[in-house]
Amino acid sequence: MNIASILATKGGQVFTARPEQTIRQVLRLLAEHNVGALVVVGGDGAPIGMLSERDIVRHIARDETLLGHTVDSVMTKTVIVGTPQDDLVMVGHTMVESRIRHLPVMDGGKLVGLVSIGDVVNAQRNQYQGEVDTLQIQLSQSGPAMDH
Amino acid sequence: MPDPGRPGRGEGPLRVAVIGAGPTGFYVADHLFRAPGLVVEVDLFDRLPTPFGLVRGGVAPDHQKIKAVTAVFDKVAAQPGFRFYGNVELGKHLTVADLRQHYHQIVYCTGAQTDRRLGIPGEDLRGSHPATEFVGWYNGHPDFRERQFDLSVERAAVIGVGNVAVDVARILCRAPEELATTDIADYALDVLRGSRIREVYLIGRRGPAQAAFTTPEIKELGELAGSDITVPAEEAGLDALSRAALERTQDRATMKKVDIIQSYVRRPTGGKARTLVLRFLLAPVEIVGGDAGEVTGLRLARTALYATPTGTLQAKSTDDVEVLPVGLVFRSVGYRGVPLLGVPFNDSWGVILNDKGRVLDPDAKTPIVGEYAAGWIKRGPTGVIGTNKPDAAETVVGMMEDLGQGRVLSPAAPERSALERLLAERQPQHFSYADWLRLNEIEVSKGRPAGRPRVKFTSLEEMLAVVAR
């Protein structure tokens, strides 16, 4: 299974922020869209960073004036970018090992989606559940075995 | 806004139309019937007279155990609130606007009905076929029973290493007597009996560790009565990147799969009528044609693997090219959903535009009241039959949330009798579940003397004759 199967049920909308926006502005975006992270994009629309609830919490604990700061002073600048064809098992490993919870996805130079670790876990759980269910039905079948 | 009331909770039953009677359609119905406190009527439509979608028309005839899941669907169909309307096609006999006049909620479960194309020259030469057409043909699907496959050539290639590709290769390699006791279409068995194919190539872009087929599937290919199996040693070995990835994931299923593939390197060949050759790390560049427009070969570029930033291994073509002389090519590199008239489509992923199963307005990106999607037409063609169960559950959770908020359609004619009057007008030749059970009984009894699970009806005319319409 690949990232495309996750993006297919997410409506195709990616919520982004600009580096010069203030934290106050983006907090509103996070609440409005009910998401935990935004992709920070540069002038060409390509991701230059990620801004998550966690980034904001970590900074505000040290500096209460954070709300007026700009996004680029708080965002995580090292971004791992996925492609729609990326395999979910490998994506899961990479996200856990690199401790990232959100992965922007690019296709042909265009930002096409954002996948969270929750999306990856959910998709894999559904896959395993489905396999178990299918196997159980086959095992419980008492009729003539036609498989060779 | 007028209050639409709360159908299903004391204001008359919730009326739901499910489009597509494959596994997903039945799972959606099942989840609805299990919803606590809900009074629901589910009308399940299919463009074919028969239910079960790919379980009947896709799953290979020599894999009957996989079809055991239909017992679960029979139980769903036995619910008092359930009706099946077969031989009724959305866009032909009924429109989305019709459905919105008769139902509170509509769920599209139409699957992924077309093959992805390779996008290389020669794809439409005579002898180059989408694998799914061959599958539909040997499974007696009414749409494909008239297809012609010329098995008088000696060498065939199957492009792709997913389960459909493996099915096609296996059916081509099986001895006819192995298939004679299955429910394969009789006309297909006749053609396969006359097959002169001696070599079948199964071709993957990436290496053995990345192939989509499962361990049981690849093991089965090594146990065919009529066919030897082999793989070139240099293609069965793992490159450094694949070894590192396996080390990292400790994925035992893949390790086992690779072991089995590598064991085929040393297998002796030539003893049996046919040979199945597994080929890896090859990308099709062109299907080569002869003077008469027929397939004569397949030009392949050797690929090299590279790791994407997330660690996925992908293949890129090199300049190292070979031509494999084959007279028949089956293309099996994935499927795509087909847009439904009047339903927003997401062209990027080949699915209905949706958010967790809620169909979205393409401009506002907000849910369209009363319309939903589930299964392959919602998430794309991934997973096994059972994967559609949690997928359908997610869609039904959204439907129940929306019902709780009063976000359902307010149909002008929600009574089932109104729908049946409309159907009598638009498609009097529709099939009920009782009709299907009758067809099923006859199919099974016809198969019994030969020890076959069934002998399928493959044309609408035959089926209509049986139910006497």
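See the structure shown above.
These numbers come from a predicted model, not from an experiment.

1. Structural notes on the packing of helix α16 (residues 433-447) of chain B against helix α17 (residues 460-467) of chain B
Residues and elements named next belong to chain B. Here α16 crosses α17 at 105°, and the two axes come no closer than 10 Å. One finds that α16 runs roughly perpendicular with respect to α17. Every residue of α17 that contacts α16 at D435, R438, L439 and I442 is listed here: M463, V466 and V467. Looking at the contact of α16 with α17, its residues break down into 5 nonpolar, no polar and 2 charged.

2. Some remarks on the pairing of strand β4 (residues 105-108) of chain B
Residue and element names in this part refer to chain B. Here β4 shows no split at all, with Q105 and V107 on one side and I106 and Y108 on the other all buried. Pairing of strand β1 (residues 14-19) with β4 involves 4 bridges; the strand directions are parallel. Residue pairing for β4: I19 is matched across the bridge by Y108. Strand direction decides the pairing type here: β4 and strand β20 (residues 367-373), joined by 3 bridges, are parallel. Residue I106 lies in a different strand from β20, and its bridge partner there is E371.

3. Overview of the interface of chain B and chain A
Taken together, the contacts link 42 residues of chain B with 39 residues of chain A. Looking at the side of chain B facing chain A, the largest losses of area belong to K65(B), T310(B) and W349(B), adding up to 22% of the total buried there. Run the count over chain B and chain A and you get 2 salt bridges. D133(A) is the salt-bridge partner of K389(B), the closest N and O atoms lying 3.2 Å from each other. The interface formed by chain B and chain A contains 13 residue pairs in polar contact (both at pLDDT 80 or more). Of all the secondary structure elements, the ones that give two or more residues to the side of chain B that touches chain A are α11 (240-249), β18 (354-355), α13 (376-379) and α14 (388-404) of chain B.

4. With respect to the sheet that holds strand β13 (residues 313-324) of chain B
Residues and elements named next belong to chain B. Taken in spatial order, the 3 strands line up as β11-β12-β13 in an open sheet, and their pairing is antiparallel. The sheet is open, and its two edges are formed by β11 (282-289) and β13, each paired on a single side. Strand-to-strand twist across the sheet, computed as the mean angle between neighbouring axes with direction ignored, equals 25°. Where strand β12 (residues 295-307) lies against β13, 9 bridges are found, and the strand directions are antiparallel. Pairing of A307 across the sheet is with L313, part of β13. On the sheet, α11 packs against β12 and β13 and is oriented at approximately 55° with respect to β12.

Here is what the cut-offs are and how they apply
- Residues numbered from 1 in each chain as written.
- Chains lettered and ligands numbered in written order.
- Predicted model: local features only at pLDDT ≥ 70, side-chain atom pairs only at ≥ 80, totals over all residues.
- Heavy atoms only, no water.
- Axes fitted to C-alpha atoms, helices over the stretch in contact; angles between N-to-C directions.
- Helix = DSSP H or I, 4+ residues; strand = E, 2+ residues; numbered from the N terminus.
- Parallel < 35°, antiparallel > 145°, perpendicular 65-115°, else oblique.
- Contact = heavy atoms within 4.5 Å.
- Nonpolar A, V, L, I, M, F, W, Y, C, P; charged D, E, K, R; others polar.
- Buried < 20%, exposed > 50% of the residue type's maximum accessible area, 1.4 Å probe, protein only.
- Pairing = 2+ DSSP bridges.
- Buried area = accessible area lost by both parts, 1.4 Å probe.
- Salt bridge = Lys/Arg side-chain N within 4 Å of Asp/Glu carboxyl O.
- Polar contact = N/O pair within 3.5 Å; in protein donor to acceptor, adjacent residues only side chain to side chain.

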